[in-house]
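Breakdown of the fold
As a plain string of letters, each chain reads:
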Amino acid sequence: MSHPDYKLNLRPLGTPRGVSSVVGPHGVGVSPGDKKSKSKSTRGKKKSIFETYMSKEDVSEGLKKGTLIQGVLRINPKKFHEAFIPSPDGDRDIFIDGVVSRNRALNGDLVVVKLLPEEQWKVIKPESTDKETEIAYESEFPEELCGHHLLQQSPKGHNDSPDVIIEAQFDDSDSEDGHGSTQNVLVDGVKNLSVCVHEKGKEDARAPLIKDESTSTSQDTGALPEKSLQRSAKVVYILEKKHSRAATGFLKLLADKNSELFRKYALFSPSDHRVPRIYVPLKDCPQDFVTRPKDYANILFICRIVDWKEDSNFALGQLAKSLGQAGEIEPETEGILTEYGVDFSEFSSEVLECLPQGLPWTIPPEEFSKRRDLRKDCIFTIDPSTARDLDDALSCKPLTDGNFEVGVHIADVSYFVPEGSDLDKVAAERATSVYLVQKVVPMLPRLLCEELCSLNPGTDKLTFSVIWTLTPEGKILDEWFGRTIICSCTKLSYEHAQSMIESPMEKIPEKKLPPISPEHSSEEVHRAVLNLHEMAKHLRQQRFVDGSLRLDQLKLAFTLDHETGLPQECHIYEYRDSNKLVEEFMLLANMAVAHKIYRTFPERALLRRHPPPQAKMLRDLVEFCNQMGLPMDVSSAGALNESLTKTFGDDRYSLARKEVLTNMCSRSMQMALYFCSGVLRDKVQFQHYALNVPLYTHFTSPIRRFADVLVHRLLAATLGYRELPALEPNTLQKQADHCNDRRMASKRVQELSTGLFFAVLVKESGPLESEAMVMGVLNQAFDVLVLRYGVQKRIYCNALALRSHHFQRVGRKPELTLVWEPEDTEQEPARQVITIFSLVQVVLQADATVLKYSAVLKPPGPEGFPGLEEEAVDDKQKD
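Rules used in this analysis
Residues numbered from 1 in each chain as written. Predicted model: local features only at pLDDT ≥ 70, side-chain atom pairs only at ≥ 80, totals over all residues. Heavy atoms only, no water. Helix = DSSP H or I, 4+ residues; strand = E, 2+ residues; numbered from the N terminus. Buried < 20%, exposed > 50% of the residue type's maximum accessible area, 1.4 Å probe, protein only. Areas by Shrake-Rupley, 256 points an atom, 1.4 Å probe, with all protein chains shown as cover. Pairing = 2+ DSSP bridges. Contact = heavy atoms within 4.5 Å. Salt bridge = Lys/Arg side-chain N within 4 Å of Asp/Glu carboxyl O. Axes fitted to C-alpha atoms, helices over the stretch in contact; angles between N-to-C directions. Phe/Tyr/Trp six-rings, centres within 6.5 Å; stacked < 30°, edge-to-face > 60°. Core = buried A, V, L, I, M, F, W, Y, C linked by side-chain atoms within 4.5 Å.

Examining the overall build of the chain
Helices and strands together make up the secondary structure of the chain, namely 17 helices and 38 strands. By residue count, 59% of the 879 residues in the chain fall in the buried class. Of the roughly 37,100 Å² that the chain leaves accessible, carbon and sulfur atoms contribute 50%.

Details of unusual backbone geometry
Residue Pro 360 is reached from Leu 359 by a cis peptide bond, and omega for that bond is 0°. Note on placement: Pro 360 falls in the loop between α5 (349-352) and α6 (365-370). The phi torsion at Asn 103 lies on the positive side, around 50°, for a residue other than glycine. Within the secondary structure layout, Asn 103 lies in the loop between α2 (98-102) and β5 (110-115). With a phi angle near 55°, Asn 692 is a residue other than glycine that sits in the positive phi range.

Here we look at the pairing of strand β37 (residues 839-846)
Looking at chain direction, strand β31 (residues 768-777) and β37 are connected through six bridges and run antiparallel. Residue pairing in the sheet places Ala 772 in a bridge with Val 840 of β37. Pairing geometry for β37 and strand β38 (residues 853-857), over five bridges, is antiparallel. From the neighbouring strand, Val 842 faces β38, where its bridge partner is Leu 857.

What about the side chain of Asp 377?
In this structure, Asp 377 sits in the loop between β17 (372-373) and β18 (379-383). Looking at Asp 377, the relative accessible area reads 17%, which means it is buried. Once you skip the residues sitting within four places of it in the chain, Asp 377 turns out to touch Lys 397, Glu 405, Cys 487 and His 520.

So, the pattern of salt bridges
Scanning the model with the defined rule gives 46 salt bridges in all. Note that Glu 584 is salt-bridged to Arg 540, the shortest N-O span being 3.1 Å. Here Glu 584, found in helix α11 (residues 577-600), pairs with Arg 540, found in helix α10 (residues 522-545); they are 44 residues apart in sequence, far enough to count as distant. Take Arg 540: its relative accessible area is 13%, and that puts it in the buried class. Between Lys 616 and Asp 620 there is a salt bridge, with its nearest N and O atoms 2.5 Å apart. Here Asp 620 and Lys 616 lie together in helix α12 (residues 615-627), a separation of four residues that amounts to about one turn. The exposure class of Asp 620 is partly exposed, given its relative accessible area of 28%. One network of salt bridges, in which partners are shared, links Arg 540, Arg 543, Arg 550, Asp 552, Glu 583 and Glu 584.

Description of the sheet that holds strand β11 (residues 233-240)
Across a sheet, strands are paired by hydrogen bonds formed along the backbone, either parallel or antiparallel in direction. Strand order in this open sheet of three strands is β1-β5-β11, and the pairing throughout is antiparallel. Edge strands, defined here as strands with exactly one partner in the open sheet, are β1 (68-72) and β11. Neighbour-to-neighbour, the strand axes of the sheet open up by a mean angle of 30°, direction not taken into account. Strand direction decides the pairing type here: β1 and β5, joined by five bridges, are antiparallel. Bridge assignment links Val 72 to a residue of β5, and that residue is Leu 110. On top of the sheet, helix α1 (residues 56-65) reaches β1, β5 and β11; it is set at about 95° to β1, its chief contact.

Looking at the packing of aromatic side chains
According to the stated counting rule, one finds 17 aromatic pairs in the structure shown. Seen in terms of ring centroids, Tyr 415 and Phe 416 are 5.0 Å apart; in terms of plane orientation they differ by 80°. Their pairing is edge-to-face. A residue is classified by how much of its surface remains accessible, and Tyr 415, at 30% relative accessible area, is partly exposed. Seen in terms of ring centroids, Phe 464 and Phe 699 are 6.2 Å apart; in terms of plane orientation they differ by 70°. Their pairing is edge-to-face. Highlighted residues: Phe 464 in strand β23 (residues 460-470) and Phe 699 in the loop between β30 (673-676) and α15 (706-718), separated in sequence by 235 residues. Overall, Phe 464 belongs to the buried group, its relative accessible area being 0%.

A few points about the environment of Lys 242
Position of Lys 242 among the secondary structure elements: in the loop between β11 and β12 (246-252). Accessibility expressed as a relative area gives 30% for Lys 242, which makes it partly exposed. In sequence terms Lys 242 and Val 111 are 131 residues apart; their C-alpha atoms lie 9.8 Å from each other.

Things to note about the environment of Ala 431
With respect to the element layout, Ala 431 can be found in the loop between α7 (422-430) and β21 (434-435). Considering only alpha carbons, one finds Ala 431 and Phe 706, 275 residues apart in sequence, at a separation of 4.8 Å. Sequence-distant contacts of Ala 431, defined by excluding residues within four places in its chain, comprise Met 443, Arg 704, Arg 705, Phe 706, His 738, Cys 739 and Arg 742.

Considering the pairing of strand β27 (residues 556-560)
Burial of β27 is extensive: five of the five residues sit out of reach of the surface. Residues of β27 alternate between two faces, with Leu 556, Phe 558 and Leu 560 on one and Ala 557 and Thr 559 on the opposite face, all of them buried. One ladder, built from five bridges, connects β27 with strand β28 (residues 567-572); its direction is antiparallel. Each bridged residue has a counterpart across the sheet, and for Leu 560 the counterpart in β28 is Pro 567. In this structure, the hairpin formed by β27 and β28 is closed by a connection of six residues, where Gly 565 is found at a positive phi of approximately 75°.

Section: the nonpolar core
By size, the foremost hydrophobic cluster in this structure holds 97 residues, and its most contacted members are Phe 380, Leu 394, Leu 581 and Phe 585. Per-element accounting of this core gives the leading share, eleven residues, to α11. For Phe 380, the contacting residues outside a window of four places in its chain are Ala 393, Leu 394, Ser 488, Cys 489, Thr 490, Leu 492, Val 525, Ala 528, Val 529 and Leu 532. Residues Leu 337, Leu 560, Leu 761 and Leu 768 belong to the second largest nonpolar core, which totals 79 residues.

A look at helix α9 (residues 494-502)
Taken residue by residue, α9 has Tyr 494, His 496, Ala 497, Gln 498, Met 500 and Ile 501 as its buried positions. As for α9, its buried residues are in contact with β18, β25 (490-493), α10 and α11.

This is how it looks when you write it as structure tokens:
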């Protein structure tokens with residue numbers, strides 16, 4: 001069916017797109033309290049808005065026959081009427097148009113859809129100026145691929161002794177998860193390149209929607225080439241409600257004071273426009289809300305959806321709690337955590353009773369007979385300076401034959417987490433620690449995270465080790481796995497290790513290093529770091545020769561005020577040789593453990609796979625690069641990596657252009673997933689695309705990832721330390737799925753936390769100026785990557801002081817000509833041409849009413865248009 005509301009939507013505010021105009025006098029659907037509406041009969045009553053869900057039996061049958069398709073629903077944060085599920089064949093996503101077709105499913109839910117007849121499929125015109133509308137990802141960029149490339153800039157106004165520098169404390173020693181964890185800092189979900197313009201430059205996803213010029217519903221598909229149609233569908237069943245059904249937002253009175261609804265309900269308006277508006281009983285609201293609604297206009301609340309009837313546009317919910325003033329860091333943070341279902345409650349007494357009670361705890365004597373004693377070896381940790389949960393340590397002992405004994409030593413968390421205990425259950429449920437800018441929500445109680453398990457220096461610790469004999473070039477000659485006891489001699493930060501790498505012949509002054517235990521010298525640690533660095537360089541080089549891919553992305557780090565906790569400044573986190581050193585050995589350990597557990601338990605290994613990119617989006621990328629005169633080979637991960645590294649020079653313009661292209665490449669990438677080897681029958685699917693290896697797992701971060709705890713148990717069973725965990729393949733797969741879900745939520749929360757702090761920084765310290773590079777050009781707007789901060793923003797022509805603007809295509813390249821209003825009426829208006837890869841100066845400025853910021857183009861000065869300025873960066877200042 002074609003919808004009549006593709007043109008300007010003049011329905012009452014709040015009626016979802018695609019909803020028939022059967023509404024009451026107050027402009028919404030039937031009352032949630034109307035008992036008659038619950039009757040099955042529709043005689044004399046308003047008809048249902050949403051379709052009844054299919055039965056489980058019919059759904060099961062349809063999935064088997066292939067007449068129905070299942071997938072995870074993604075709703076475009078910028079155009080909330082657009083949703084998608086991945087196509088099973090890996091090609092263009094399946095489109096779900098409008099709230100009605102979405103049938104009450106929320107973002108992230110596992111849904112079942114039925115394809116619509118072909119004449120109702122979405123038409124995409126070949127000359128679309130907005131080809132990105134189908135990209136509804138919230139920065140779903142695989143951690144496996146990422147790193148952080150620094151455009152050589154130094155933070156402005158850097159204090160000599162900043163209060164607190166929050167480094168990337170979520171950094172893991174693994175390109176997948178920590179160092180590789182990307183921060184796109186998409187404060188308001190930019191990756192979706194279309195929004196509804198409500199006011200000048202303001203985005204309002206609930207404003208009346210105008211159908212894109214470039215898309216429509218097909219009425220006559222006969223004359224259209226096949227590639228211009230996008231399969232469209234409707235949701236017929238929700239297999240799993242993965243969305244938390246919680247939202248943060250604001251309370252409002254209903255518009256019609258004379259309606260029966262007004263006396264019973266308030267309207268909850270979620271900040272996330274992908275969540276429906278919700279009726280909440282007035283009895284749940286503050287007592288004086290009805291008489292003094294303006295007092296609550298800026299108070300953030302949490303609401304939970306409890307029901308959503310077929311005959312109501314809005315859901316029914318319960319007000320959970322008041323968070324406090326909108327725009328303040330702690331209320332906003334609690335809202336983010338709640339929306340994404342993060343358990344940040346204190347651990348229960350039952351859980352804490354599972355911990356060792358007699359403190360200080362010491363290693364029981366019997367453990368020494370069961371483990372290899374490495375306490376006299378020179379073993380040390382390398383972590384961000386703020387880290388307190390130290391999962392991993394390294395050692396490097398020179399051998400008489402010129403080779404090295406290299407060890408990766410990981411905290412033996414499974415020793416402290418008995419299988420089936422209350423502690424085990426809560427860790428399995430949380431599945432991951434969640435790293436915010438200002439704090440960590442831990443997976444395990446702090447006694448374990450920061451003391452008993454953390455490999456703090458100068459104390460005996462239980463570990464699980466992988467020890468190799470390596471040649472100076474990093475070739476593996478021998479390999480050993482086992483339980484060990486270590487005593488780390490020092491806690492190095494990445495900066496300490498970096499200074500050692502950069503001063504190979506000089507002794508580092510002791511005052512510039514952390515304390516080192518008397519059994520070992522700083523020279524011994526320095527030599528070990530240099531030897532590990534040399535081997536890591538060879539391992540890394542070989543990985544890329546063998547076809548690995550790395551997509552370096554910009555990531556923000558903040559300096560926080562000690563007293564207020566507010567951000568004072570931010571800078572791009574630099575990923576250096578010390579990070580790469582640790583990363584290489586963590587990758588090596590993870591790959592070694594993956595092979596070990598899979599060889600022994602081919603049906604029950606918990607592994608991690610990374611599917612190849614989405615084919616349709618890769619083809620679009622290649623087509624775009626061809627238009628721009630940039631050759632791009634995407635035939636394999638290695639080919640793509642080579643294209644990105646060899647196409648560009650190392651001047652600042654080239655680096656900026658590489659940053660933009662890397663960002664574009666990221667959109668086609670899929671998430672890496674945990675899986676049970678006995679459930680996935682096709683071994684080709686075990687492959688890890690980014691690392692280009694057949695088997696991979698996570699072993700190196702058990703303090704903060706439950707998947708690693710499971711892998712430790714499997715490895716222990718492999719080595720005969722214990723029985724095989726009593727998990728059938730399907731049960732293990734369910735745990736893997738849960739780990740995937742929580743990891744995705746954690747990643748999104750991390751991004752939103754960074755976005756929150758950056759928005760506060762713009763509000764407190766802005767406006768902020770930066771160079772930016774144009775990423776995409778539309779009819780009346782263009783998208784930029786702000787180079788100093790790594791954020792993406794859309795700049796709207798109607799928010800600029802322009803006399804006029806004109807869009808055209810030169811060949812196939814989009815081009816936007818801006819004609820600026822001169823400050824002096826006697827001057828000629830300046831013209832500025834915006835094309836992809838143009839360099840511009842932008843200003844980020846805070847919104848006056850909400851915690852958001854917008855970007856505007858800096859107008860030309862007397863000297864003409866600002867470009868990308870070279871900065872003379874003093875190396876000492878930079879460090």
